[in-house]
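Summary of structural features
What follows is the residue order along each chain.
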Amino acid sequence: MFCLFSSLSAANIKYEKIYYRDIILFAEAKDTTAASQFIIQLDKDIQSFQKGVGSYLDVPVNVMIAADSKVYNGWTKQHSAIMEFSSGFYDRRNRTIFLKNPKYLKNISNIRKLLLHEYIHHFVGIYWKNPPLWFNEGMAVYFSNDMGIERELNFAKNYILGNSLPLEKMKNSYPNNMIEWESFYAKSGLAVKYLYSKKRRSFYQLWDKAGSTGNFERAFLNSFFMTTKTFSDQFENYSKTHFKTAILMASTGLIWGVLPFILIVGVIRKKIKNKKTVENWENNIDIVPDGKKDEEYIKELEEK
């Protein structure tokens with residue numbers, strides 16, 4: 001907890017301490033009202049998440065709200081480079097979520113996703129000492145509802161461009177190239193989505209198999225009856241067909257997006273055509289002179 005206390009005393013900022021169930025919030029007095037609302041929502045999201053994965057955890061987590069951007073930047077410099085581009089991160093050593101001040105974040109929905117994302121890292125870290133990075137990030141991405149169609153399309157694009165690594169090479173570190181980071185998150189999320197949706201029973205067993213040793217590889221083998229290396233190969237084969245599906249989904253979405261405009265143009269063209277037809281029809285009709293019956297006029301025309 002030493003690092004946490006050092007962060008609290010930095011820049012002589014006084015932090016309030018608020019308890020809410022298994023969440024301990026640290027924030028300046030000016031931020032406690034707003035931050036408390038986020039924490040209440042986080043607690044609800046945590047309960048929903050734990051119910052979804054079929055495993056429950058009551059180990060407290062700390063949440064620190066940065067007083068300003070300068071303080072937050074000071075926190076990120078003590079960690080890996082990828083943290084510098086984030087709005088929040090989790091420190092396993094002191095079980096703490098560090099969050100940028102809410103006034104610098106875009107909206108409540110993003111804050112909810114971010115807090116749950118970082119909490120899931122806490123959740124995974126309590127169960128295992130050595131989870132693969134792809135699994136850790138994949139859990140956070142997928143179960144924080146951050147695996148939307150845009151991310152799937154990003155995966156497809158990067159797969160085609162060759163920016164996608166096999167899971168076996170995503171176990172211990174992030175890609176050096178920033179361009180590949182988004183692909184890393186997307187593929188990790190899809191891998192967990194695959195395990196959860198296609199192997200649900202084994203996925204539930206995974207948490208039960210964590211055991212006292214906290215060895216992920218052993219728990220994975222005992223739950224899915226294959227090594228993470230075998231799953232990496234299996235998922236790579238799945239990825240080859242999945243990116244084609246993602247492109248088809250994009251094409252279908254594009255068609256449905258353009259279809260209303262095509263229909264509108266079609267209706268307008270039809271109205272114009274009908275109008276011209278009516279005009280031509282009217283121009284080619286002889287008008288019956290006043291005082292004559294239709295039959296008399298037709299007979300005169302025939303005699304001519």
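The rules behind each value
Residues numbered from 1 in each chain as written. Predicted model: local features only at pLDDT ≥ 70, side-chain atom pairs only at ≥ 80, totals over all residues. Heavy atoms only, no water. Helix = DSSP H or I, 4+ residues; strand = E, 2+ residues; numbered from the N terminus. Buried < 20%, exposed > 50% of the residue type's maximum accessible area, 1.4 Å probe, protein only. Contact = heavy atoms within 4.5 Å. Areas by Shrake-Rupley, 256 points an atom, 1.4 Å probe, with all protein chains shown as cover. Salt bridge = Lys/Arg side-chain N within 4 Å of Asp/Glu carboxyl O. Pairing = 2+ DSSP bridges. Axes fitted to C-alpha atoms, helices over the stretch in contact; angles between N-to-C directions. Right-handed = clockwise from strand over helix to strand, strands pointing away. Phe/Tyr/Trp six-rings, centres within 6.5 Å; stacked < 30°, edge-to-face > 60°. Lys NZ or Arg CZ within 6 Å of the ring centre and 35° of its normal. pLDDT = per-residue confidence, 0-100. Arc of directions from axis to C-beta. Polar contact = N/O pair within 3.5 Å; in protein donor to acceptor, adjacent residues only side chain to side chain.

For the rest of this paragraph, the subject is the overall build of the chain. Counting its regular elements, the chain contains 11 helices and 5 strands. Every one of the 304 residues in the chain was classed for burial, and the buried ones make up 43%. Intrachain contacts of the chain at a sequence separation of at least 6 include 65% that bridge at least 24 residues. Of the accessible surface of the chain, which amounts to about 17,900 Å², a share of 55% is contributed by carbon and sulfur atoms.

Another aspect to go through is unusual backbone geometry. Of note in this structure, Arg21 is not a glycine but carries a positive phi near 55 degrees. Mapped onto the secondary structure, Arg21 falls in the loop between strand S1 (16-20) and strand S2 (23-27). Located in the positive-phi region is Asn145, a residue other than glycine, with phi close to 60 degrees. Looking at the secondary structure, you find Asn145 in the loop between helix H5 (133-143) and helix H6 (149-161). By relative accessible area, Asn145 is classed as exposed at 60%.

All right, on to the pattern of salt bridges then. Counted according to the given criterion, the structure contains 13 salt bridges. In this structure, Arg151 and Asp146 form a salt bridge, with 2.8 Å as the shortest nitrogen-oxygen distance. Judged by relative accessible area, Arg151 falls into the buried class, the value being 13%. Among the charged side chains, a salt-bridge network with shared partners connects Lys113, Asp146, Arg151 and Glu182.

This next bit is on the sheet that holds strand S5 (residues 96-99). Paired through backbone hydrogen bonds, the strands of a sheet run either parallel or antiparallel to each other. The strand order across the open sheet built from 5 strands is S1-S2-S3-S5-S4, with neighbouring strands paired in mixed fashion. The open sheet is flanked by S1 and strand S4 (88-91), the only strands paired with a single partner. Pairwise comparison of adjacent strand axes, ignoring direction, gives a mean angle of 20 degrees for this sheet. Looking at chain direction, S1 and S2 are connected through 5 bridges and run antiparallel. Considered in S2, the bridge of Ile18 is made with Leu25. Packing against the sheet, helix H4 (residues 108-127) makes contact with strand S3 (61-65), S4 and S5, and its axis sits at approximately 15 degrees to S4.

What follows deals with the pairing of S3. Of all the 5 residues making up S3, 5 are buried; the element is thus mostly covered by neighbouring parts of the structure. Side-chain alternation along S3 places Val61, Val63 and Ile65 on one buried face and Asn62 and Met64 on a second face that is also buried. Sheet analysis places S3 next to S5, joined by 4 bridges and oriented parallel. Its bridge partner lying in S5, Ile65 is registered against Leu99.

With that settled, the discussion passes to the pairing of S2. Most of S2 sits out of view: 5 of its 5 residues are buried. Counted along the chain from S1 to the antiparallel partner S2, the turn is 2 residues long, and its residue Arg21 has a positive phi close to 55 degrees. Pairing analysis gives 4 bridges linking S2 to S3, with the strands arranged parallel. Bridge pairing in S3 links Leu25 to Val63. Note on the crossover from S2 through helix H2 (residues 32-53) to S3: the handedness is left-handed.

Here the structure, examined in full by the defined rule, presents 37 aromatic pairs. Measuring from ring centre to ring centre gives 5.8 Å for Tyr127 and Trp128, while their planes differ by 40 degrees; the resulting arrangement is tilted. Side by side, Tyr127 and Trp128 carry an identical accessibility label, which is buried. Ring centres of Phe216 and Phe220 lie 5.8 Å apart, and the angle between their planes is 35 degrees; this geometry places the pair in the tilted category. Note that Phe216 and Phe220 are positioned in helix H9 (residues 216-224) at a spacing of 4 residues, about one turn of the helix. Each member of the pair, Phe216 as well as Phe220, is classed as buried. Its guanidinium or amino end placed over the ring of Tyr196, Arg200 lies 3.8 Å from that ring's centre, counting from NZ or CZ.

Glancing now at the confidence of the model for the chain. Note: predicted coordinates in regions of low pLDDT should not be interpreted at a detailed level. Taken over all residues, the pLDDT of the chain has a mean of 80, while the share at 70 or more is 72%. Across residues 284-289 the pLDDT falls below 50, and counting only partners more than four positions away or on other chains, this stretch makes 6 contacts in the model.

In this section: H9. Considered for burial, the residues of H9 that qualify are Phe216, Ala219, Phe220, Ser223 and Phe224. One side of H9 carries all its buried residues, which in axial view fall inside an arc of 100 degrees. The N-capping residue of H9, defined by a side-chain oxygen 3.1 Å from the backbone nitrogen of Glu217, is Asn215. With its phi angle positive at about 60 degrees, Phe225 sits one or two positions after the end of H9.

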